[in-house]
Amino acid sequence: MKNRMSPFAAAMLAVSLTLGVAGCAVTSGQSTVGQYVDDATITTRVKARMAKDPQVSAMRIEVNTLNGVVQLAGFATSEAERAEAARIVREVPDVKDVRNNIVVRPAQ
């Protein structure tokens with residue numbers, strides 16, 4: 001007697017395999033799932049440190065990380081805030097480089 005999978009079980013297996021593969025997708029430019037996780041960790045650490053810093057507005061600054069390179073974008077109200085944001089990033093473990101694209105626009 002041969003073991004055969006029911007059509008329902010086969011369908012469920014196909015769905016779970018599809019979801020499992022889709023759940024492991026890596027962002028373009030990243031070589032591994034591990035690198036994606038590392039980049040997400042760096043981004044989270046940067047955002048948390050910015051949120052604690054009274055000189056930097058974490059709400060106006062966007063943080064993206066790809067292969068350990070952190071890109072900052074958004075607006076600062078002074079050059080000091082822009083510089084402080086970059087300094088914060090440089091102190092986060094595993095950051096390889098900082099691309100500071102923050103634009104200084106004085107508060108109105």
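Visitor: Sorry if this is basic, but what is going on with helix α3 (residues 79-90) here?
Guide: Along an α-helix, residues three or four positions apart point the same way, because every turn accommodates 3.6 residues. Here α3 contains 12 residues, and its C-alpha end-to-end distance of 17 Å stays within 8% of the 16 Å for a straight helix at 1.5 Å per residue. Within α3, the full set of buried residues consists of Glu81, Glu84, Ala85, Ala86, Ile88 and Val89. Residues of α3 that are buried in the fold lie against α2 (33-52), β1 (61-66), β2 (69-76) and β3 (97-104).

Visitor: Before we go on, may I ask you to explain the nonpolar core in this structure?
Guide: Across soluble globular proteins, you tend to see nonpolar side chains buried next to one another. In terms of nonpolar packing, the biggest core is built from 17 residues, with Met50, Leu72 and Val89 touching the most fellow members. Breaking this core down by element, the ones donating at least two residues are α2, β1, β2, α3 and β3. What Met50 contacts, discounting residues up to four positions off in sequence, is Val56, Ala58, Ile61, Val63, Leu72, Ala85, Ile88 and Val89.

Visitor: So what exactly am I meant to see when it comes to the sheet that holds β1 here?
Guide: Sheet strands pair via backbone hydrogen bonds, and the direction of the pair is either parallel or antiparallel. What the three strands build is an open sheet, ordered β1-β2-β3; its pairing is mixed. A strand with exactly one partner marks an edge of an open sheet, and here the two such strands are β1 and β3. This sheet shows a mean twist of 10° between the axes of neighbouring strands, independent of strand direction. Sheet analysis places β2 next to β3, joined by eight bridges and oriented parallel. Within β3, the residue paired with Ala76 across the bridge is Val104. Across the sheet, α2 touches β1 and β2, and the angle it forms with β1 is around 155°. Packed on one face of the sheet, α3 meets β1, β2 and β3 and runs near 160° to β3.

Visitor: I keep staring at the pattern of salt bridges and nothing clicks. Help me out?
Guide: Any two side chains of opposite charge can pair, so long as their charged atoms come close to each other. Using the criterion set out here, one finds four salt bridges in the structure. Measuring nitrogen to oxygen at the nearest pair gives 2.5 Å for the salt bridge that ties Arg87 to Glu84. On the criterion of helical spacing, the pair formed by Arg87 and Glu84 is a turn pair, its members being three residues apart in helix α3. Look at Arg87 and you get partly exposed, because its relative accessible area is 32%.

Visitor: Hey, could you run me through the side chain of Thr65 in this one?
Guide: Considering the arrangement of structural elements, one finds Thr65 in strand β1. At 2.7 Å, the side chain of Thr65 forms a polar contact with the side chain of Thr43.

Parameters and conventions
- Residue indices follow the written sequence of each chain, beginning from 1 at its first position.
- Two thresholds apply to this predicted model, a pLDDT of at least 70 for residue-level local features and 80 or more for giving and counting side-chain atom pairs, whereas whole-chain, interface and lining totals are computed over all residues.
- Based on all heavy atoms of the structure, the side-chain values leave hydrogens and waters out of the count.
- A helix here means a DSSP run of H or I that spans at least four residues, while a strand means a run of E at least two residues long, and both kinds are numbered starting from the N terminus.
- For a helix, the expected span equals 1.5 Å multiplied by the number of residues minus one.
- Each residue is assigned to one of three classes by its accessible area relative to the maximum for its type, calculated with a 1.4 Å probe on protein chains only: buried under 20%, partly exposed between the two thresholds, exposed over 50%.
- Note on contacts: a residue pair qualifies if any of its non-hydrogen atoms lie within 4.5 Å across the two residues.
- Buried Ala, Val, Leu, Ile, Met, Phe, Trp, Tyr and Cys residues that are joined via side-chain atoms within 4.5 Å together make up what is termed a nonpolar core.
- In this analysis, strands are considered paired if DSSP registers two or more bridges between them.
- Every axis corresponds to a line fitted to the C-alpha atoms, with the helix fit spanning only the stretch in contact, and the corresponding angles, defined between N-to-C directions, vary from 0 to 180 degrees.
- Think of a salt bridge as a Lys or Arg side-chain nitrogen and an Asp or Glu carboxyl oxygen that are within 4 Å of each other.
- Here a polar contact means two N or O atoms within 3.5 Å. Within protein one must be a hydrogen donor candidate and the other an acceptor candidate, and residues neighboring in sequence count only if both atoms are side-chain atoms.

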